[in-house]
Amino acid sequence: MNNLGGNGMEFINLIPNICEGLPFEKGDLVLLNFWGDNEDIELLDLISEGLSKKGVISFRHQCSKRFFENVVLNFVKSKNHISEEYFELLSSFNNVVDIFMYPPSLPKGISEEEIPMFKKNIAELFNALTGNKKYYIQLNIPTEANASRAGIEYEIYRDSLCNALSVDYKELKEACKDKIENLKEAKSIEIFTGEGCTLKLDINGRDWYADDGCGDFPSGEVYIAPVESGSNGDLFIPQITFNGQIYKDVLMSFREGSLVKCSAEPLEKFLFSLPDNHRILCEFGIGLNPRIKELTGHSLFDEKALGTYHIALGMNNLFGGINECQFHMDFVFSSEKVNFK
């Protein structure tokens, strides 16, 4: 497993614990979709082995770089569409674990004219893997490629991810369950940050969800989709990392559910270049993973850290909201006072 680096055994040793945290039960059928090459295929064997100890049977599908360069790209170059039966087969699985050795990218040798058709095939693939599932789970492997995408030094990324994945999933599931039980009757949230900043969220009629091993790994949060037109006020965020730059003491203002101002000008310019529904406050979450000790500036870890909160802009139709788009961006903060009413 060349892409795991010199300390890859730390992650490999965590695979039994990860499998224990996955929500599948005896008799379940799971598709393991692997974004990786043949040299790392042993990871699938190890995950399959771990799941089999729970009585779970797994099927494997590989999305290697060579598959896209020598198979998908051949369809694109010949202007042929991949058979609908292929996507229907992938769609038939109710449980999917997407395993990423590296983020998907354009294959070598693709021309500008071929990119739209290639992206169309990728979009169909993602829809087949993610749509109408009981569980769709993403597992990022601690590789240099994933660290680079996150904008974090590899050693920090690897150590942060492995620490987070070593959580006791039984205890985490109980903590998430208890938190939701305590919050399920709340109809609104009032968040106090900075000096005099207050943000009110309407959550009336919306359900809480737990990411305790059934969402993005690392796990450890409960979250809810606020009413799309019901967020008003100001939120002070001590630090936001955007495009590799760190912006401190950022003020975000919301009116009737949408972002109307962001004090970090490059971020504001980016957000206001997007369609209007990309600026809807779509999520409020609470971090509950006690194994995440330090904030990295990357929301994948920070939003799960015990004692943190986060909001997000964009898509929430997959967890109880009605805003459907191809964008979801998280912002992590702390608060000494959050009222649930």
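Before going into details, it helps to say that this report is about the structure given with it. (Residues numbered from 1 in each chain as written. Predicted model: local features only at pLDDT ≥ 70, side-chain atom pairs only at ≥ 80, totals over all residues. Heavy atoms only, no water.)

1. Describing the overall build of the protein
Convention followed: The numbering of helices and of strands both runs from the N terminus, where a helix is a DSSP run of H or I of at least 4 residues and a strand a run of E of at least 2. Our radius of gyration is a C-alpha quantity, and the globule rule it is checked against amounts to 2.2 Å times the number of residues to the power 0.38. Accessibility here uses a 1.4 Å probe with only protein chains present; expressed as a share of the type maximum, an area under 20% marks a residue as buried, one over 50% as exposed, and anything in between as partly exposed. Contact between two residues is taken to exist if any of their heavy atoms lie within 4.5 Å; hydrogens are not considered.
Helix and strand content of the protein: 11 helices and 16 strands. For 341 residues, the compact-globule formula gives about 20 Å, and the C-alpha radius of gyration of the protein, at 20 Å, lands near that figure. Taking the principal axes of the C-alpha coordinates as reference, the protein spans close to 55 × 45 × 40 Å. Here the protein, with 341 residues, has 51% of them falling under the buried criterion. Sequence-distant contacts, at least 24 apart, represent 70% of the contacts inside the protein between residues at least 6 apart.

2. Structural notes on the packing of helix α4 (residues 65-77) against helix α6 (residues 115-130)
Just so we agree on the cut-off: Orientation is described by lines fitted to C-alpha atoms, with helices fitted over the stretch in contact, and by angles between N-to-C directions that extend from 0 to 180 degrees. Any angle that falls under 35 degrees is termed roughly parallel, while one over 145 is termed roughly antiparallel, one within 65 to 115 roughly perpendicular, and all others oblique. Left-handed is the label given to a crossing in which the near helix is rotated counterclockwise from the far helix by less than a right angle, and right-handed is the label when the rotation is clockwise.
Where α4 contacts α6, the axes come no closer than 9 Å and their chain directions differ by 115°. Looking at the two axes, α4 sits roughly perpendicular to α6. At the point where α4 passes α6, the crossing takes the right-handed sense. For the pair α4 and α6, the contacting residues are Phe68, Val72, Phe75 and Val76 in the first and Met117, Phe118, Asn121, Ile122 and Leu125 in the second.

3. Quick word on unusual backbone geometry
Proline 218 follows phenylalanine 217 through a cis peptide bond whose omega is 5°. Locating proline 218 in the fold gives a position in the loop between β8 (216-217) and β9 (221-224). Backbone geometry at lysine 79 places phi at a positive 60°, although glycine is not the residue there. Mapping lysine 79 onto the fold places it in the loop between α4 and α5 (84-91). Positive phi, normally seen in glycine, also occurs at glutamate 256, with a value near 50°. Accessibility expressed as a relative area gives 61% for glutamate 256, which makes it exposed.

4. Quick word on the pairing of strand β15 (residues 328-333)
A regular strand carries its side chains on alternate faces of the sheet. Quick note on the threshold: At least two DSSP bridges between two strands are required for those strands to pair.
β15 sits mainly inside the fold: 5 of its 6 residues count as buried. Two strands pair when backbone bridges link them, and strand β14 (residues 309-314) and β15 are joined in this way by 6 bridges, in the antiparallel orientation. Bridging from a neighbouring strand, histidine 310 pairs with valine 332 of β15.

5. Re the sheet that holds β9
In any sheet, the strands associate via hydrogen bonds between backbone groups, in a parallel or an antiparallel arrangement. A sheet is described by the order of its strands in space; here 5 strands give the open sequence β7-β9-β13-β14-β15, paired in antiparallel fashion. Edge strands, defined here as strands with exactly one partner in the open sheet, are β7 (208-211) and β15. Across the sheet, the axes of successive neighbouring strands diverge by a mean angle of 25°, strand direction being ignored. Relative to strand β13 (residues 281-287), β9 is paired through 4 bridges, and the arrangement is antiparallel. For valine 222, the partnering residue across the bridge sits in β13 and is isoleucine 286. Packing against the sheet, helix α9 (residues 169-183) makes contact with β7, β9 and β13, and its axis sits at approximately 170° to β7.

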